[in-house]
Amino acid sequence: MDTLDIFNRIKGDKARVCKLGETAVIQKLTELGWDAFNANSTNPNYKGVDIICVNPKNLNTLFIQVKSSAESEPNFPTGLVSDTKGFIGDQWEKQIVGPWIFVHIKMDDGRIVYKYYILTKKEVVQLIGDSNSWYWSQPKRNAKNPKQPIGLPISWITGEGLIPNSRSFRGYPRNIEIEPCEDGWDKIGMPE
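Residues numbered from 1 in each chain as written. Predicted model: local features only at pLDDT ≥ 70, side-chain atom pairs only at ≥ 80, totals over all residues. Heavy atoms only, no water.

1. Examining the overall build of the protein chain
Assigned secondary structure in the protein chain consists of four helices and seven strands. Listing each helix as α and each strand as β along the protein chain from the N terminus yields α-α-β-β-β-β-β-β-α-β-α. On C-alpha atoms alone, the protein chain measures out to a radius of gyration of 17 Å, which is about the 16 Å that the 2.2 N^0.38 rule sets for 192 residues. Across its three principal directions, the C-alpha atoms of the protein chain cover 50 × 45 × 30 Å. The 192 residues of the protein chain split such that 42% are buried. (Helix = DSSP H or I, 4+ residues; strand = E, 2+ residues; numbered from the N terminus. Rg over C-alpha atoms; globule rule 2.2 N^0.38 Å. Buried < 20%, exposed > 50% of the residue type's maximum accessible area, 1.4 Å probe, protein only.)

In structure tokens, the structure reads:
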């Protein structure tokens, strides 16, 4: 079986994509000096946390949420829902407990590669709040179900490919400041 066949088989298996993303993040965090393990290993789909990192020198702990996709243009589900007026819920921000790492698994030159986009807890909260408010303020946003899942398209995370005043999701103006996030491992830091 060639790499493209393997990738296409993986791409259609959401659980496998999530596992690959989480495993890749653990590997990278371990390379950076963290002791990292998957919280989902003992409790499937641990709420709000996928990876637990421990600084081996001082035992400080960091909780990380990982969102993975193998789609060509990912829209990462956040696990949050909004009503059609943009209301997410009381104190939804407390569900964000640490940085989020978005993993885009894709083919590049015949190889499977992992692209990492890291947002701080503050950036995640601001992006979800700002984008959801903008989305529901746009004309003709009709939904049959009063509760809608909130997603974060890759272009909203990176800021790349946005088209001002477009009548599509690419028209999101991203009214918040997000530090460069591709391979933004410095947002997590290294154990000292």
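2. Side note on unusual backbone geometry
The residue Leu-59 is not glycine, and still its phi comes out positive at about 65 degrees. With respect to the secondary-structure elements, Leu-59 resides in the loop between β2 (51–54) and β3 (61–69). Since its relative accessible area comes to 60%, Leu-59 is described here as exposed. A positive phi angle, close to 60 degrees, is found at Gln-91, a residue other than glycine. Position of Gln-91 relative to the elements: it lies in the loop between β4 (75–82) and β5 (100–108). Gln-91 gets classed as exposed once you look at its relative accessible area, which sits at 53%.

3. Quick word on the sheet that holds strand β1 (residues 35–38)
An order of β1-β2-β3-β5-β6 is seen for the five strands of this open sheet, with the pairing classed as mixed. Of all strands in the sheet, those bounded by a partner on one side alone are β1 and β6 (111–119). When the angles between neighbouring strand axes are averaged without regard to direction, this sheet yields 30 degrees. Two strands pair when backbone bridges link them, and β1 and β2 are joined in this way by four bridges, in the antiparallel orientation. Bridge pairing links Asn-38 to Ile-51 in β2. Strands in contact with helix α2 (residues 14–31) are β1, β2, β3, β5 and β6; relative to β3, the strand with the most contacts, it is inclined by about 140 degrees. (Pairing = 2+ DSSP bridges. Axes fitted to C-alpha atoms, helices over the stretch in contact; angles between N-to-C directions. Contact = heavy atoms within 4.5 Å.)

4. Quick word on the confidence of the model for the protein chain
Taken residue by residue, the protein chain gives an average pLDDT of 91. The fraction at 70 or more is 99%. Helix α4 (residues 154–158) holds the highest mean pLDDT among the elements of the protein chain, 97, whereas helix α1 (residues 3–11) holds the lowest, 81. (pLDDT = per-residue confidence, 0-100.)

5. Side note on the packing of aromatic side chains
Counted by the stated rule, this structure contains seven aromatic pairs. Taking the centre distance of 5.9 Å and the plane angle of 90 degrees together, the rings of Trp-134 and Trp-156 count as edge-to-face. With Trp-134 in helix α3 (residues 121–137) and Trp-156 in helix α4, this residue pair connects regions lying 22 residues apart in the sequence. Each member of the pair, Trp-134 together with Trp-156, is buried. The rings of Phe-76, Trp-100 and Phe-102 are connected pair by pair, giving a single aromatic cluster. Lys-67 extends its terminal NZ or CZ atom over the ring of Trp-100, reaching a point 5.1 Å from the ring centre. (Phe/Tyr/Trp six-rings, centres within 6.5 Å; stacked < 30°, edge-to-face > 60°. Lys NZ or Arg CZ within 6 Å of the ring centre and 35° of its normal.)

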